[in-house]
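Tertiary structure, described
In case you want the letters, here they are:
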Amino acid sequence: MTTTPDSERKTLILTGASRGIGHATAKRFSTAGWRAITVSRHPFPEDCPWDAGPEDHIQADLADPKETADAIIQIKERLKAQGSRLHALINNAAISPKKPGGGRLNSIETAEEDWKTVFQVNFYAPIMLARGLIDELARAKGAVVNVTSIAGSRVHPFAGAAYATSKAALAALTREMAGDFGPFGVRVNAISPGEIETSILSPGTEKIVAQLPLHRLGQPEEVAKSIYFLCTDASSYVTGAELHINGGQHV
């Protein structure tokens, strides 16, 4: 890992870092010398390889608005030692409730409370975090990356209705944020993953993969590299974009 003095290290906030895309993203940034402050409802996993992981982990349930607000206060406190500068906020945490046995919940079957909880985690928490940390982002001329989904643009065979509509709303929010945060020097983009090889793949995914132009699942590391691109100077004139990472599934 690149060694950089603490006063010069770039810092990111990453939600949903405990597995899959989030875990790969934390490793990608950490390898590049960034300080990764992670937020998850789970404790910090013991097998994570980056330095200071447990000390830079905030356990908070983003389904709870109060816990989300408390997490913002904790983040601000942890950023003070580095001049309250935040170079990247990656809103990756998301939930997608299923039927007993893992079946898809459609718009008729999804309970009202599930709609509210899904939107709190997948939609409201990202804007709460970004608004709450706008001063820290502005000081660093930082970047926000919202993780949407291919399910936000079409009816998906496995992703539920609440998840899909929350991701569609997050894509629209990304455009609004790009317009609103731009005058502060903060770029806001989204990445929209397709079928990525993680521990939560649904049975039947292989049928989708067979129809993809690239004929394979994506890897979490491939998504992480795209997120990294959107948080660095390589994308310094990119804002309001949604980058499709799906092996051609959207074509």
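Residues numbered from 1 in each chain as written. Predicted model: local features only at pLDDT ≥ 70, side-chain atom pairs only at ≥ 80, totals over all residues. Heavy atoms only, no water.

The name given to the chain in an unreviewed UniProt entry is SDR family oxidoreductase, with the source organism recorded as Taklimakanibacter albus.

A closer look at the overall build of the chain
Rules: Helix and strand definitions here come from DSSP, where helices need a minimum of 4 consecutive H or I residues and strands a minimum of 2 consecutive E residues; each element is numbered from the N-terminal end. Partly exposed residues are those whose accessible area sits between 20% and 50% of the maximum for their type, while under 20% is buried and over 50% is exposed, using a 1.4 Å probe and protein chains only. Residue contacts are counted whenever heavy atoms from the two residues lie within 4.5 Å of one another. Residue-level accessible areas treat just the shown protein chains as cover; the underlying method is Shrake-Rupley with a 1.4 Å probe.
The number of helices and strands found in the chain is seven helices and seven strands. Traced from its N-terminal end to its C-terminal end, the chain shows the element sequence β-α-β-β-α-β-α-α-β-α-β-α-α-β. Put simply, the chain has 251 residues, and 51% of those count as buried. When contacts within the chain are restricted to residue pairs at least 6 apart in sequence, those whose partners lie at least 24 apart make up 72%. With an accessible surface of roughly 11,900 Å², the chain has 53% of that area assigned to carbon and sulfur atoms.

Structural notes on the environment of I90
With respect to the helices, strands and loops of the structure, I90 is situated in strand β4 (residues 88-91). For I90, a relative accessible area of 0% puts it in the buried group. For the pair I90 and G22, spaced 68 residues apart in sequence, the C-alpha to C-alpha distance is 9.0 Å. Those residues within four positions of I90 in sequence are excluded, and the remaining contacts are L12, I13, L14, T15, T25, F29, V145, I227 and C231.

Things to note about the packing of helix α2 (residues 65-79) against helix α3 (residues 112-132)
Which entries qualify depends on this criterion: Only C-alpha atoms enter the line fits that serve as axes; for helices the fit covers just the stretch in contact. Angles between N-to-C directions range over 0 to 180 degrees. Left-handed describes a crossing whose near helix is turned anticlockwise from the far helix by less than a right angle; the clockwise case is right-handed. Classes in brief: Ala, Val, Leu, Ile, Met, Phe, Trp, Tyr, Cys and Pro nonpolar; Asp, Glu, Lys and Arg charged; the others, Gly included, polar.
Two elements in contact, α2 and α3, have axes separated by 10 Å at closest approach and are oriented at 35°. The two elements α2 and α3 cross, and the hand of that crossing is right-handed. In contact with P65, T68, A69, I72, I75 and K76 of α2, α3 contributes Q120, A125, M128, L129 and G132. When grouped by side-chain class, the residues that make up the contact of α2 with α3 number seven nonpolar, three polar and one charged.

Looking at the packing of aromatic side chains
Worth spelling out the cut-off: Only the six-membered ring of Trp is used, alongside the rings of Phe and Tyr, when aromatic pairs are assigned; centres must lie within 6.5 Å, and planes under 30 degrees apart are stacked while those over 60 apart are edge-to-face, with the rest tilted. The criterion for a charge sitting over a ring is simple: Lys NZ or Arg CZ within 6 Å of the ring centre, and within 35 degrees of the ring normal.
If you walk through the whole model with that rule in mind, you get five aromatic pairs. When the centroid spacing of 4.9 Å and the interplanar angle of 85° are considered together, the rings of F29 and W34 count as edge-to-face. Judged by relative accessible area, F29 falls into the buried class, the value being 0%. By the ring-pair criterion, three or more aromatic residues cluster together here, those being F29, W34 and Y228. When the ring centre of Y228 is taken as reference, the NZ or CZ atom of R28 above it lies at 4.0 Å.

Points about the side chain of T110
Counted only if it meets this: Whenever two N or O atoms come within 3.5 Å, that pair is a polar contact, provided that in protein one can donate a hydrogen and the other can accept it, and provided that, for residues adjacent in sequence, both atoms are side-chain atoms.
Along the polypeptide, T110 turns up in the loop between β4 and α3. Side-chain polar atoms of T110 contact the backbone oxygen of N106, separated by 2.7 Å. Once residues within four sequence positions are removed from consideration, T110 is found in contact with L105, W115 and A162.

A short note on the pattern of salt bridges
Opposite charge on two side chains makes pairing possible when the charged atoms of those side chains draw close. Test applied: Throughout this description, the term salt bridge denotes a Lys or Arg side-chain nitrogen within 4 Å of a carboxyl oxygen of Asp or Glu.
Under the counting rule described, the total for this entry stands at seven salt bridges. Between K66 and D70 there is a salt bridge whose closest N-O contact spans 3.0 Å. Of the two residues, K66 and D70 are both situated in helix α2; the distance of four residues between them amounts to about one turn of the helix. E77 is the partner of K80 in a salt bridge, and the nearest nitrogen-oxygen pair spans 3.3 Å. For K80, a relative accessible area of 52% puts it in the exposed group. Each of the salt bridges in this network shares a partner with another, and the network as a whole consists of E112, E113 and K116.

Overview of the nonpolar core
So the rule is basically this: Remark: nonpolar core denotes a set of buried residues (Ala, Val, Leu, Ile, Met, Phe, Trp, Tyr, Cys) joined through side-chain atoms within 4.5 Å.
Core analysis: the biggest nonpolar cluster contains 30 residues, and I13, I75, L89 and M177 have the highest contact counts within it. When residues of this core are traced back to their parent elements, those giving at least two are β2 (35-40), α2, α3, α4 (134-140) and α5 (161-181). The dominant element in this core, judged by the number of residues it contributes, is α3, at six residues. When sequence neighbours within four positions are dropped, the list of residues in contact with I75 reads I13, V39, I58, L129 and L133. Counting 20 residues, the second-largest nonpolar core is a separate cluster that includes L14, A17, V145 and V147.

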